[in-house]
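Single-letter residue listing:
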Amino acid sequence: MATAVENFAGQPEVLDGALESQMTLSMGPQHPSTHGVLRLDLRLDGELVIKAIPDIGYLHTGMEKLFEYKKYQQGIVITDRMDYLNPLGNNLAYVMAAEKLLGLEIPERAQVIRVLMCELQRIASHMVWFGTSCLDMGAMTPFWFTFKEREKILNLIEAASGGRMTPSYFRIGGLMMDLPAGFDNRVRQFLDDFPDALNTFDTLITGNTIWHSRTKGVGIISKEDAIDWGLTGPSLRGSGVDLDLRKATPYSGYETYDFEVPVETDGDVWSRFKVRMHELTESYKIVRQALERLKPGPIKADAPKIVLPDRDDMRKHMDSLIHHFLIVAEGFNVPEGEVYHAIEASKGELGVYMKSNGGPKPERVHFRGPSFINLSALPVMAEGEMIADVVAIIGSLDIVLGEIDR
Amino acid sequence: MTEKLHAFVDKLKSENEGWVTSVADAFGEVTVTVPRESIVDVCRFLRDKHGFDLLADLCGADRGPEEDPRFEVNYHLFSTTHYSRLRLKVLLSEDAANVTTVTQIWKTADWHERETYDLVGITFDGHPDLRRILLPSDFDGHALRKDYPLRGYEPYSLN
């Protein structure tokens, strides 16, 4: 029997089957397992999910509109607020798109620091994913351990940039400032302790029978479907596609680092879990290598009309003072054109489409957020599963609503 | 650096001369402007024959009310096998701001097209569920259009 009901958008929708046993459940937007303000419109038959319709937009702040009214360098601050668990990744994607338009050469030291900070940020982001996805499934203990590790990384980011969640550390043409003295030793201290933390997580969760039965065979998406739905990052690699933009289209010198791309083939929550856990070790390896490469050198590109001068220079040189004034007051003109630059953020492909009309403000900036697209594939994974597993699937996708709604 | 990409453009041209309006090569990226009516054929050809299996991004842009064609839709294609990126561009005039959907080729186009419809106001013909995605369903206008004021119109309220 087919019956017409109204969906949440007020549009009639026809459902097949006996409606007597079915119900509609609005999960969220205040549900703690939805990682922000996501609402799911679930059609249930008992505990079985027949249809899942994500409803987003609760955090929409019109960032893409705002970019058009801000100078290029002011836009960096906005990007921090998108994926607030991976702000340095957002900074990097944005500044690299602008650098591509400007044709800037970034000095070696700045590149190394960018890689170093981004991989630390990736670990921090995965820590939140690990803690919260365990929390969603009733395992509360790992959360305290992961947030301890994340706190250490946030302290490092704060030492370098002054901000914990909103660093705005990468600037067009290089970095905001050089690392503080003794920073490398602080990172080494963190790295020395980190394997112990990883062991703790493994002991708590990876071999846990309850964890296995909650994750194995749950929320399966095939390789073909995963590509078709545009999944990227760990969610795609959990389905057996060996695609990591750090290897496929390297940037910032990633091609010179020695690391593996973990791939799992089952496409379920367990596979995505294993990929991310393995990635922690790989990021750890990259940070170690980057530390070895830290050599003294410039951290800003040689482009006085684009990159802010050093404070010291400003006190001594008239032209530096003029450049500083002009960059801050008027901005710099960016050559006309359009670029799309994508990086491997902690959640997948973070792409920036930037279009310039030759002036100091972009004509259009569009962010391709990995969370946005990964979430759109949720119905494929959730339909046919139990309602408790929907929570596990959302956790395994590692979404951040700040990036989805922008 | 872009020779590989130009090879794909040549294949497009040799398959059907009418598919390619113009080709631009800038900043290491190749942009192919495609006539509005053939975007589906071009996408299907590139996906099936040349491995562009991932639609990385789809976004609309407004060039300003005084421009004609006013709107553009950019399709950023990516291949998970040979890692090439190609941008397809469709230009749309204000009075015919609609283009055929590519959701039957890539399912991921679903939300991309809904977002473009929501914010730029481009209609995708044949889209299975074309409604607003980020803004409320009773929102007036399209926020990313150049003639839409930054702070919106009158104080907005949900009724």
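What counts as what
Residues numbered from 1 in each chain as written. Chains lettered and ligands numbered in written order. Predicted model: local features only at pLDDT ≥ 70, side-chain atom pairs only at ≥ 80, totals over all residues. Helix = DSSP H or I, 4+ residues; strand = E, 2+ residues; numbered from the N terminus. Rg over C-alpha atoms; globule rule 2.2 N^0.38 Å. Buried ≥ 20, exposed ≤ 12 C-beta atoms within 10 Å, placed from the backbone. Contact = placed C-beta atoms within 7 Å. Axes fitted to C-alpha atoms, helices over the stretch in contact; angles between N-to-C directions. Parallel < 35°, antiparallel > 145°, perpendicular 65-115°, else oblique. Left-handed = near helix turned anticlockwise from the far one by under 90°. Nonpolar A, V, L, I, M, F, W, Y, C, P; charged D, E, K, R; others polar. Core = buried A, V, L, I, M, F, W, Y, C linked by C-beta atoms within 7 Å. Domains from an automatic or database assignment. Pairing = 2+ DSSP bridges. pLDDT = per-residue confidence, 0-100.

Colleague: Before we move on, could you go through the overall build of chain A and cite the residues and values that matter?
Modeller: The secondary structure content of chain A amounts to 17 helices and ten strands. Here the C-alpha radius of gyration of chain A, 23 Å, is about what a compact globule of 406 residues would show, namely 22 Å. The principal-axis extents of the C-alpha atoms in chain A amount to approximately 80 × 50 × 35 Å. The burial tally for chain A puts 51% of its 406 residues in the buried class. A sequence separation of at least 24 residues applies to 68% of the contacts in chain A between residues at least 6 apart.

Colleague: Can you break down the overall build of chain B residue by residue, with the values?
Modeller: Looking only at helices and strands, one finds three helices and seven strands in chain B. For chain B, the N- to C-terminal ordering of α and β elements is α-β-β-α-β-β-β-β-α-β. Whereas a compact globule of 159 residues would reach a radius of gyration of roughly 15 Å, chain B reaches 17 Å, a difference of no more than 12%. Projected onto the principal axes, the alpha-carbon positions of chain B cover approximately 55 × 30 × 25 Å. The proportion of buried residues among the 159 residues of chain B is 38%. Pairs at least 24 residues apart make up 51% of the contacts formed inside chain B by residues separated by at least 6 positions.

Colleague: Which residues make up the environment of Lys-65 of chain A, and what are the values?
Modeller: Checked against the element boundaries, Lys-65 of chain A lands in helix 1 (residues 63–67). You can call Lys-65 of chain A partly exposed: it has 19 C-beta atoms within 10 Å. For Lys-65 of chain A and Arg-364 of chain A, which are 299 residues apart along the polypeptide, the C-alpha to C-alpha distance reads 8.1 Å. Excluding residues within four positions of it along the chain, Lys-65 of chain A makes contact with Ala-143, Leu-144 and Leu-150 of chain B.

Colleague: Just give me the short version of the environment of Ala-97 of chain A, but keep the residues and values in it.
Modeller: Residues and elements named next belong to chain A. For Ala-97, the location among the structural elements is in helix 3 (residues 87–102). Separated by 298 residues in the primary sequence, Ala-97 and Gly-395 have C-alpha atoms spaced 30 Å apart. Leaving out residues up to four positions away in the same chain, Ala-97 has contacts with Val-339, His-341, Val-352 and Met-354.

Colleague: So what's going on with the packing of helix 11 (residues 269–293) of chain A against helix 16 (residues 387–397) of chain A? Which residues, and what values?
Modeller: Residue and element names in this part refer to chain A. As a packed pair, helix 11 and helix 16 sit with axes 9 Å apart at the nearest point and diverge in direction by 30 degrees. Looking at the two axes, helix 11 sits roughly parallel to helix 16. Where helix 11 crosses over helix 16, the handedness of that crossing is left-handed. Residues Val-269, Arg-272 and Phe-273 of helix 11 lie in contact with helix 16, whose contacting residues are Ala-392, Ile-393 and Ser-396. Split by residue class, the contact of helix 11 with helix 16 holds four nonpolar, one polar and one charged.

Colleague: Residues and numbers for the interface of chain A and chain B, please.
Modeller: Counting from both sides, the interface comprises 34 residues of chain A and, opposite them, 29 residues of chain B. Partitioning the side of chain A that touches chain B into residue classes produces 15 nonpolar, ten polar and nine charged.

Colleague: Tell me about the nonpolar core, and please be specific about residues and values.
Modeller: Residues Ala-97, Ala-98, Met-117, Leu-378 and Ile-393 of chain A together with Leu-77 of chain B are the most contacted members of the largest nonpolar core, which totals 147 residues. In terms of residue count, the dominant contributor to this core is helix 4 (residues 108–136) of chain A (15 residues). Split by domain, this core shows at least three residues from each of two domains, domain 1 (3–55) and domain 2 (63–405) of chain A. Apart from the residues within four sequence positions on either side, Met-117 of chain A is in contact with Leu-88, Ile-157, Ala-160 and Tyr-169 of chain A.

Colleague: I'd like a description of the sheet that holds strand 5 (residues 85–92) of chain B, backed by residues and values.
Modeller: Residue and element names in this part refer to chain B. Strand order in the open sheet made by the five strands is 1-2-5-4-3, with mixed pairing throughout. The open sheet has two edge strands, strand 1 (22–26) and strand 3 (54–62), and neither has a second partner. Pairs of neighbouring strands in the sheet enclose a mean axial angle of 20 degrees, with direction left out of account. Lying over the sheet, helix 3 (residues 109–119) contacts strand 3 and strand 4 (71–78), oriented at roughly 5 degrees with respect to strand 3.

Colleague: Quick rundown of the packing of helix 2 (residues 72–80) of chain A against helix 3 of chain A? Include the residues and the values.
Modeller: Helix-helix packing is described using two parameters, namely the angle between the two axes and the distance between the axes. Residues and elements named next belong to chain A. Orientation of helix 2 relative to helix 3, taken along the N-to-C sense of each, is 155 degrees, at an axis distance of 8 Å. By the angle between their directions, the pair helix 2 and helix 3 is classed as roughly antiparallel. Considering the relative orientation of helix 2 and helix 3, their crossing is right-handed. Residues Tyr-72, Gly-75, Ile-76, Thr-79 and Asp-80 of helix 2 form the contact with helix 3, whose own contacting residues are Pro-87, Asn-90, Asn-91, Tyr-94, Val-95 and Ala-98.

Colleague: Residue-level account of the sheet that holds strand 10 (residues 362–368) of chain A, with values.
Modeller: Residues and elements named next belong to chain A. Ordered in space as 8-9-10, the three strands form an open sheet in which the pairing is antiparallel. Two strands in the sheet have a free side with no partner beyond their single neighbour: strand 8 (337–345) and strand 10. In this sheet, adjacent strand axes meet at a mean angle of 15 degrees when their direction is disregarded. Here helix 3 sits on the sheet in contact with strand 8 and strand 9 (348–356), set at roughly 150 degrees to strand 8.

Colleague: Any details on the confidence of the model for chain A? Residues and values, ideally.
Modeller: On average, chain A scores 88 in pLDDT, and the residues at 70 or more come to 94%. Across residues 1–5 of chain A, confidence stays below pLDDT 50; counting only partners more than four residues off in sequence or on other chains, it has ten contacts.

Colleague: Quick rundown of the domain arrangement of chain A? Include the residues and the values.
Modeller: Residue and element names in this part refer to chain A. Taken as a whole, chain A is organised into domain 1 (3–55) and domain 2 (63–405). The gap between the C-alpha centroids of domain 1 and domain 2 is 33 Å. Taken together, the contact pairs 16 residues of domain 1 with 18 residues of domain 2. Element by element, the count of residues in the side of domain 1 that touches domain 2 is highest for strand 5 (residues 48–55), at seven residues. Residue composition of the side of domain 1 that touches domain 2, by class: ten nonpolar, four polar and two charged.

Colleague: So what about helix 2 of chain A? Which residues, and what values?
Modeller: With seven of its nine residues buried, helix 2 of chain A lies for the most part within the structure. Packed against the buried residues of helix 2 of chain A are helix 1, helix 3, strand 6 (170–171) and strand 10 of chain A.

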